[in-house]
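# Examination of the molecular architecture
These are the residues of each chain, in order.
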Amino acid sequence: MSLLGAVFQMVSHGLISALLFLLVGIVYRKTGTRDLEVLRGLLNPEKGLPLTGSLMIVGVMASAGSRCPSCSITWDVMRTTCA
């Protein structure tokens, strides 16, 4: 059971990292720049990329270890294994 939790954690981390790299590529392709001064207002519905920016926030929170669904499942699997 602990092996299942470890594998799930590795797969989750890989998917989250892939999502973040994909979103950075989308932002670069749409804007054509990596200058942070130009990229201000990414969540602005008129001139920004609100869906991409929102997904970036979710991806960063998941990568930082906040309580995302995959983190909760992994934690529950490891907790039931150790109990």
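Structural notes, computed from the coordinates. Every value quoted in this text rests on a predicted model; they were computed, and no experiment measured them.

Definitions and limits used
- Residues numbered from 1 in each chain as written.
- Predicted model: local features only at pLDDT ≥ 70, side-chain atom pairs only at ≥ 80, totals over all residues.
- Heavy atoms only, no water.
- Axes fitted to C-alpha atoms, helices over the stretch in contact; angles between N-to-C directions.
- Helix = DSSP H or I, 4+ residues; strand = E, 2+ residues; numbered from the N terminus.
- Parallel < 35°, antiparallel > 145°, perpendicular 65-115°, else oblique.
- Left-handed = near helix turned anticlockwise from the far one by under 90°.
- Contact = heavy atoms within 4.5 Å.
- Nonpolar A, V, L, I, M, F, W, Y, C, P; charged D, E, K, R; others polar.

## Thoughts on the packing of helix α1 (residues 2-31) against helix α2 (residues 50-64)
Relative to each other, α1 and α2 sit at 150°, their axes nearing to 9 Å. With respect to α2, the axis of α1 lies roughly antiparallel. Helix-helix and strand crossings are classified by hand; for α1 and α2 the assignment is left-handed. Contact with α1, carried on its side by Ile 16, Leu 19, Leu 20, Leu 23, Val 24, Ile 26 and Val 27, involves Thr 52, Leu 55, Met 56, Gly 59, Val 60, Ala 62 and Ser 63 of α2 and no other residues of that element. Grouping the amino acids of the contact of α1 with α2 by side-chain chemistry returns eleven nonpolar, three polar and no charged.

Nothing here speaks to function; it is geometry throughout.
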